[in-house]
Amino acid sequence: MGGDKIRKDRRQKREDYRRAIRQDGVSELPRKKFYRQRAHANPFSDHQLIYPPHPDQMDWSSLFPDYVVADEEPQQPRRQQPDSSAAAPASSGAELAPLQPKRLSKEVEIADIGCGFGGLLVALAPTLPDTLMLGLEIRVSVTQFVEDRIQALRAQARRAAEAAEAEAEAAGSSPPPPAPGMYRNVGVLRANAMKFLPNFFRKGQLSKIFICFPDPHFKARKHKQRIVSATLNSEYAYVLRPGGIVYTITDVPDLHEWMVRHFEAHPSFERVPEPEQEADPCVAIMRTETEEGKKVERNKGQKHVALFRRLEDPEW
Amino acid sequence: MVAFPYHLVKACGGIVFAAQGSDIHSFNSRLEHVSTWTYPHQHAAEATRPAEEAQDSPAPEGPPAKRRRVEDGDDATAPNGHGQQPSSNGQPRGSKAAQYDNPANERAFLQGLYATADGRHLIAITGCDKTIWVFEHDGAGHLKELSRRAMPKRPCALTLTRDNRTILSADKFGDVYALPLIPAAAPTPDSTSSPAAATPAALTPTIPLSRSETPVILRPEANELTVHTKRNLRALENQKISLERKAAREAEQLEPSRPRFEHALLLGHVSMLTAIAVGVAPSSSSSSSDPAAKTREYIVTADRDEHIRVSRGIPQAHVIEGFCLGHEDFVSRLCIAPGGREELLLSGGGDDDVLVWDWRGGRLLARAPVLQHVKQVKGLEEATKVAVTRVFATSKWHVTTDGTERTLVFIVAERVPALLVYELWPDNTLQHRCNIPLPGNPLDLDVLEGETSGPGNTSCRLVVALDPTQKGSSSATTEAEEEPGCRRRRATLMFMDNAGDEGKLVPVENLPAAGGADIGEAELHRLLYTTEALRKLTDYE
């Protein structure tokens with residue numbers, strides 16, 4: 001009874017806020033307490049997920065509106081039936097596909113798998129302002145939180161830039177350059193990364209994958225649900241370009257060992273040596289800026305970091 | 001109660017093997033019955049006992065890894081309560097049987113029939129005990145059981161590597177395992193704990209750590225620093241206590257969590273696998289000068305989540321070469337085109353079309369409508385969806401259209417009483433040729449190659465297993481089917497010769513009597529028609 005009421009209240013608060021941010025341009029940050037959700041989701045269930053059949057059919061324009069290639073007309077949905085008289089086959093898998101979405105001037109290069117409340121993405125965005133990054137999160141309301149957070153941050157950045165410009169104009173000097181990125185390079189999607197990573201990303205599209213504080217699935221029976229496994233690592237290798245890095249961090253020592261063991265055993269990966277790991281600016285951000293990282297800090301827990309480099313495939 | 005129809009067909013040398021429930025019948029090239037292999041129900045009951053009991057038995061194949069709640073599969077009653085007679089081994093029937101609504105878990109039922117290229121080995125899958133059976137075939141239709149291997153999860157489909165020496169088994173959990181066709185003579189206890197050690201080089205697992213591998217844990221993986229609430233701390237305490245107890249138990253007996261035979265995890269999807277195929281393409285390696293080494297093997301796997309994945313073959317199966325993405329519903333069948341068109345892959349499933357791919361490049365080349373032609377079958381004019389169960393291309397059977405030879409492709413859709421015949425054209429399109437109506441729902445088909453009676457003129461015989469339906473007698477191709485209420489005499493195995501009239505299938509006469517196992521109609525349907533169930537429920541909304 002009480003739980004129902006609380007849930008209803010939360011939903012009401014979320015909806016009010018989302019309306020405000022979309023219609024009235026409010027740039028106040030969303031409040032996490034209205035978006036809380038059970039920390040676990042079953043990756044094997046079907047859910048009600050939206051994903052493109054092929055990466056070429058992914059419409060990124062709503063996630064990264066500032067990167068849409070402007071001069072292209074959006075095409076009408078179509079399903080082309082192959083013509084029996086056409087001898088030459090299509091040159092791309094998408095040509096027989098129903099939809100040609102708007103193109104972006106850049107591709108997503110960084111994926112945060114299980115991005116949670118988006119702390120890492122928000123911290124990374126100004127650090128790598130010219131790189132598109134995408135958070136993937138399976139929980140609905142947590143995804144909404146990150147969406148709202150990005151909206152609010154973009155609105156804030158825009159407003160700050162406008163204010164600075166107005167001030168500069170009043171003072172008669174040239175305006176200062178806007179803050180790097182202005183959070184235009186961050187996006188979030190509700191997705192089951194264990195199943196549908198190749199629906200979003202093409203072979204070798206990514207340069208970095210972050211796996212931060214994943215669900216440890218303590219019970220041995222649940223180990224198969226872990227985000228790192230011998231077979232899933234092949235999919236990470238597929239979407240990562242050679243030289244790309246998988247970043248992992250956890251506060252659970254056994255899970256750390258598990259991840260290290262499975263990545264080191266996979267022929268497509270090698271562990272990044274510690275000096276190089278510590279020199280990577282992303283590692284510091286991962287340690288301090290993720291929501292879980294902060295929580296572990298408060299509880300004085302340990303943080304275990306491991307990085308793995310995607311190797312070139314051998315000849316075949 | 002009805003008899004099992006024939007539901008699987010496999011041509012193997014000059015012999016046709018056809019599965020009926022849990023029996024495998026063999027027929028010679030004139031389709032005369034030769035012999036029958038019967039599933040050893042008694043053994044199955046033993047094998048499904050808890051592992052601890054079975055471990056004492058000297059069975060070299062080893063018991064299945066997991067304890068299963070299985071009634072004797074032979075005569076388990078349909079959940080609708082038909083028949084209360086005791087089962088064959090005299091034990092009273094457990095009332096629990098009714099609570100399982102998937103008969104495939106309970107009843108011995110052959111789920112797949114495969115043959116090596118030389119026809120000397122036949123491989124079968126049974127679902128209830130997750131077992132892969134390998135038989136030696138003497139070339140005349142007699143089978144000798146060579147091995148019986150219970151897999152960690154139920155195999156959904158399997159295929160063989162190009163050299164016909166390794167079985168690739170794709171399972172319900174999404175993993176693909178490699179296992180030798182002929183297992184090593186005597187698996188020692190050592191080889192069970194580390195299968196890699198006893199494995200020949202070709203089978204060395206490319207992924208040494210299996211996803212399902214569970215190391216013996218003697219302490220909880222969480223610690224006081226990783227749990228933050230009072231309740232979780234209490235749970236952690238309890239966990240420690242229970243793990244200590246478990247460790248004490250396990251010290252006495254070996255953990256029976258692994259099958260005791262050579263097997264290697266090659267790759268895996270996080271989805272139920274539905275089909276697997278092996279393709280061969282030119283090697284991308286520039287250095288090889290040996291012409292024999294210029295082609296490479298690839299493993300193509302399809303799953304319920306619309307994916308078709310192309311991985312390298314052994315020993316680089318961990319490398320994903322690409323995906324063939326474009327299906328918008330489950331994929332249930334893969335077929336590499338035969339006859340010099342091996343660069344093409346045909347795939348069917350829950351979509352309205354069958355897709356033609358350049359599988360090596362992951363490019364969609366053509367779509368061939370299936371639903372459209374299913375609607376032309378009498379009684380199915382209002383069909384709104386289709387579930388493809390077979391895509392069968394044969395290079396043995398050529399048709400000539402406009403003076404050029406085309407490969408024939410037979411497509412079967414679930415509960416559609418017709419064969420849909422297509423031609424694979426040189427421009428990589430798949431063109432509908434005709435529908436062949438049948439007096440029942442086709443379940444499986446294969447082509448038996450006969451004697452060559454002249455240059456380039458091989459006689460071929462298409463053999464179809466079907467589930468005779470009461471109503472679907474529109475074609476009236478047989479007289480036998482008109483006998484009212486006598487379903488078991490109705491045609492369940494039919495054939496058509498390439499020399500004969502196209503579109504006319506003839507029932508095989510004098511089929512051996514069914515092995516006594518009768519089954520409720522509802523249960524039978526749940527065993528035979530499993531493909532539509534792969535569709536996600538959300539699709540209906």
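The structure displayed is predicted, hence computed values, not measured ones.

A.B. asks: Can you walk me through the overall build of chain B in this structure?
C.D. replies: Helix and strand content of chain B: six helices and 30 strands. Once local pairs closer than 6 in sequence are excluded, the contacts in chain B between residues at least 24 apart make up 55%. For chain B, the exposed surface amounts to about 22800 Å²; the carbon and sulfur share of it is 49%.

A.B. asks: Which parts of the structure should I look at to understand the sheet that holds strand β5 (residues 33–38) of chain B?
C.D. replies: Sheet strands pair via backbone hydrogen bonds, and the direction of the pair is either parallel or antiparallel. Residue and element names in this part refer to chain B. Reading across the sheet, the four strands line up as β2-β3-β4-β5 and stay open at both edges, with antiparallel pairing between neighbours. Bordering the open sheet on either side are β2 (6–12) and β5, each of which pairs with just one other strand. Neighbouring strand axes in the sheet, compared pairwise and without regard to direction, differ in orientation by 20 degrees on average. As judged from the six bridges shared by β2 and strand β3 (residues 15–20), these two strands associate in the antiparallel manner. Bridge pairing links tyrosine 6 to glutamine 20 in β3.

A.B. asks: What exactly am I supposed to notice about the UniProt feature "active site" (unreviewed entry) in chain A here?
C.D. replies: All names here are of chain A. As annotated by UniProt and renumbered to match this structure, "active site" (unreviewed entry) occupies Asp215. When its relative accessible area of 23% is taken as the criterion, aspartate 215 is described as partly exposed. In this structure, aspartate 215 is in contact with Ala39, His40 and Leu255, ignoring residues within four places of it in sequence. Among the polar contacts made by the side chain of aspartate 215, one reaches the main-chain amide nitrogen of histidine 217 at a distance of 3.2 Å.

A.B. asks: I keep staring at the confidence of the model for chain A and nothing clicks. Help me out?
C.D. replies: Any residue range with low pLDDT should be treated as having predicted coordinates unsuitable for detailed reading. Summing up the model confidence of chain A, the mean pLDDT is 85 and the portion of residues at 70 or higher is 87%. Under a pLDDT of 50 for its full length, residues 76–95 of chain A has, in the predicted model, 35 contacts with residues more than four places off or in other chains.

A.B. asks: Whenever I open this one, the side chain of serine 26 of chain B confuses me. Can you help?
C.D. replies: Residues and elements named next belong to chain B. Checked against the element boundaries, serine 26 lands in strand β4 (residues 23–27). Under the relative-accessibility criterion, serine 26 is labelled buried at 1%. When sequence neighbours within four positions are dropped, the list of residues in contact with serine 26 reads Ile15, Val16, Phe17, Glu32, His33, Val34, Ser35 and Gly141.

A.B. asks: What should I look at first to understand the environment of methionine 182 of chain A in this one?
C.D. replies: Residue and element names in this part refer to chain A. With respect to the helices and strands, methionine 182 occurs in the loop between α3 (140–171) and β3 (186–190). Relative accessible area serves as the criterion here: at 10%, methionine 182 is assigned to the buried category. Sequence separation of methionine 182 and alanine 160 is 22 residues, and the distance between their C-alpha atoms is 9.8 Å. For methionine 182, the residues in contact, after removing those within four places along its chain, are Arg154, Ala157, Arg158 and Ala161.

A.B. asks: Explain the UniProt feature "repeat: WD" (unreviewed entry) in chain B to me, please; I cannot follow it from the model alone.
C.D. replies: UniProt's feature table lists "repeat: WD" (unreviewed entry) at residues 324–367 of chain B, given in the numbering used throughout. Taken end to end, residues 324–367 of chain B has its terminal C-alpha atoms 13 Å apart, with 0% of it in helix and 52% in strand.

A.B. asks: Quick question: what am I supposed to make of the UniProt feature "binding site: S-adenosyl-L-methionine" (unreviewed entry) in chain A here?
C.D. replies: Residues and elements named next belong to chain A. Mapped onto the present numbering, the UniProt feature "binding site: S-adenosyl-L-methionine" (unreviewed entry) falls at Gly114, Glu137, Ile138, Asn192, Ala193, Cys212, Thr290, Glu291 and Glu292. With respect to the helices and strands, glutamate 137 occurs in strand β2 (residues 132–137). Mapped onto the secondary structure, asparagine 192 falls in the loop between β3 and α4 (193–200). Excluding its chain neighbours within four sequence positions, the residues that come into contact with asparagine 192 are Pro43, Ser45, Leu49, Ile138 and Leu197.

A.B. asks: What exactly am I supposed to notice about the side chain of serine 332 of chain B here?
C.D. replies: All names here are of chain B. Secondary-structure assignment places serine 332 in strand β18 (residues 331–336). Overall, serine 332 belongs to the buried group, its relative accessible area being 8%. There is a polar contact of 2.5 Å between the side chain of serine 332 and the backbone oxygen of valine 388. When sequence neighbours within four positions are dropped, the list of residues in contact with serine 332 reads Thr274, Ala275, Gly348, Gly349, Val388, Thr531 and Leu534.

A.B. asks: Sorry, what's going on with unusual backbone geometry here?
C.D. replies: In terms of backbone geometry, most residues other than glycine have negative phi values and most peptide bonds are trans. Residue and element names in this part refer to chain B. With omega at 5 degrees, the peptide bond leading from isoleucine 314 into proline 315 counts as cis. For proline 315, the position within the fold is in the loop between β16 (308–312) and β17 (320–323). In this model, asparagine 428 sits at a positive phi of 70 degrees, which is unusual for a non-glycine residue. Within the secondary structure, asparagine 428 is located in the loop between β24 (418–424) and β25 (430–437).

A.B. asks: Explain the packing of aromatic side chains here, please?
C.D. replies: Here a ring pair, both rings aromatic, is described through the centre-centre distance and the interplanar angle of the planes. Summed over the entire model, instances satisfying the criterion amount to 19 aromatic pairs over all chains. A centroid spacing of 4.3 Å and a plane angle of 15 degrees characterise the contact between phenylalanine 210 of chain A and tyrosine 247 of chain A, whose relative ring orientation is stacked. Of this pair, phenylalanine 210 of chain A sits in strand β4 (residues 206–212) while tyrosine 247 of chain A sits in strand β5 (residues 240–250), and the two are 37 residues apart along the sequence. For the pair formed by phenylalanine 210 of chain A and tyrosine 247 of chain A, the shared burial category is buried. By the ring-pair criterion, three or more aromatic residues cluster together here, those being Trp60, Phe64, Phe200 and Phe201 of chain A. Looking at lysine 153 of chain B, its charged tip hangs above the ring of phenylalanine 173 of chain B, at a distance of 5.1 Å from the centre. When the ring centre of tryptophan 425 of chain B is taken as reference, the NZ or CZ atom of arginine 406 of chain B above it lies at 4.1 Å.

A.B. asks: Just checking my understanding: could you explain the confidence of the model for chain B for this structure?
C.D. replies: Residues and elements named next belong to chain B. Here chain B shows a mean pLDDT of 78. Residues at 70 or above account for 69%. The low-confidence segment residues 208–217 (pLDDT under 50) makes 30 contacts with residues lying over four places distant or belonging to another chain. Throughout residues 471–488 the model reports pLDDT below 50, and contacts reaching past four residues in sequence, or to other chains, amount to 29 contacts. Predicted complex metrics record ipTM = 0.85 and pTM = 0.82.

A.B. asks: What should I look at first to understand the sheet that holds strand β9 (residues 143–150) of chain B in this one?
C.D. replies: Residues and elements named next belong to chain B. Here four strands make up an open sheet; going across it, the order is β6-β7-β8-β9 and the pairing antiparallel. With partners counted over all chains shown, the strands left at the sheet margins are β6 (110–115) and β9, one partner each. For this sheet, the mean inter-axis angle between neighbouring strands, taken without regard to orientation, is 20 degrees. Pairing of β6 with strand β7 (residues 121–126), which is carried by five bridges, proceeds in the antiparallel orientation. Considered in β7, the bridge of leucine 113 is made with alanine 124.

A.B. asks: Please clarify how the pattern of salt bridges should be interpreted in this entry.
C.D. replies: Between side chains of opposite charge, pairing is possible as soon as their charged atoms come close. Evaluated as defined, the whole model comprises 32 salt bridges over all chains. Put simply, arginine 390 of chain B and aspartate 444 of chain B hold a salt bridge, and the shortest N to O gap is 2.7 Å. One end of the pair, arginine 390 of chain B, is in strand β22 (residues 388–401); the other, aspartate 444 of chain B, is in strand β26 (residues 440–452), with 54 residues separating them in the sequence. Relative accessible area serves as the criterion here: at 8%, aspartate 444 of chain B is assigned to the buried category. Sharing partners across several salt bridges, the network here consists of Lys195 of chain A together with Asp305, Glu306 and Lys536 of chain B.

A.B. asks: Looking at this structure, how should I read helix α6 (residues 253–265) of chain A?
C.D. replies: Within an α-helix, residues lying three or four positions from one another point in the same direction, as the helix has 3.6 residues per turn. All names here are of chain A. In this model, α6 (13 residues) spans 18 Å end to end at C-alpha, consistent with the 18 Å of a helix rising 1.5 Å per residue. Those residues of α6 that fall on the buried side of the exposure criterion are Pro253, Asp254, Leu255, His256, Trp258, Met259, Val260, His262 and Phe263. Its buried side turned inward, α6 meets α5 (230–239), β5, β6 (269–271) and β7 (304–310).

A.B. asks: Help me understand the nonpolar core in this model?
C.D. replies: When a protein is soluble and globular, its nonpolar side chains tend to lie buried together. All names here are of chain A. If you look at the biggest cluster of nonpolar residues, it comprises 46 residues, and the most contacted ones within it are Trp60, Phe201 and Tyr236. Other than its neighbours up to four places away in sequence, tryptophan 60 contacts Leu104, Val108, Leu134, Leu189, Phe200 and Phe201. In terms of nonpolar packing, the next biggest core, distinct from the first, is built from 34 residues, Ile21, Cys115, Val283 and Val296 among them.

Parameters at a glance
Residues numbered from 1 in each chain as written. Chains lettered and ligands numbered in written order. Predicted model: local features only at pLDDT ≥ 70, side-chain atom pairs only at ≥ 80, totals over all residues. Heavy atoms only, no water. Helix = DSSP H or I, 4+ residues; strand = E, 2+ residues; numbered from the N terminus. Contact = heavy atoms within 4.5 Å. Areas by Shrake-Rupley, 256 points an atom, 1.4 Å probe, with all protein chains shown as cover. Pairing = 2+ DSSP bridges. Axes fitted to C-alpha atoms, helices over the stretch in contact; angles between N-to-C directions. UniProt positions renumbered as here; feature names shortened; annotations may be inferred. Buried < 20%, exposed > 50% of the residue type's maximum accessible area, 1.4 Å probe, protein only. Polar contact = N/O pair within 3.5 Å; in protein donor to acceptor, adjacent residues only side chain to side chain. pLDDT = per-residue confidence, 0-100. Phe/Tyr/Trp six-rings, centres within 6.5 Å; stacked < 30°, edge-to-face > 60°. Lys NZ or Arg CZ within 6 Å of the ring centre and 35° of its normal. Salt bridge = Lys/Arg side-chain N within 4 Å of Asp/Glu carboxyl O. Expected span 1.5 Å × (residues − 1). Core = buried A, V, L, I, M, F, W, Y, C linked by side-chain atoms within 4.5 Å.

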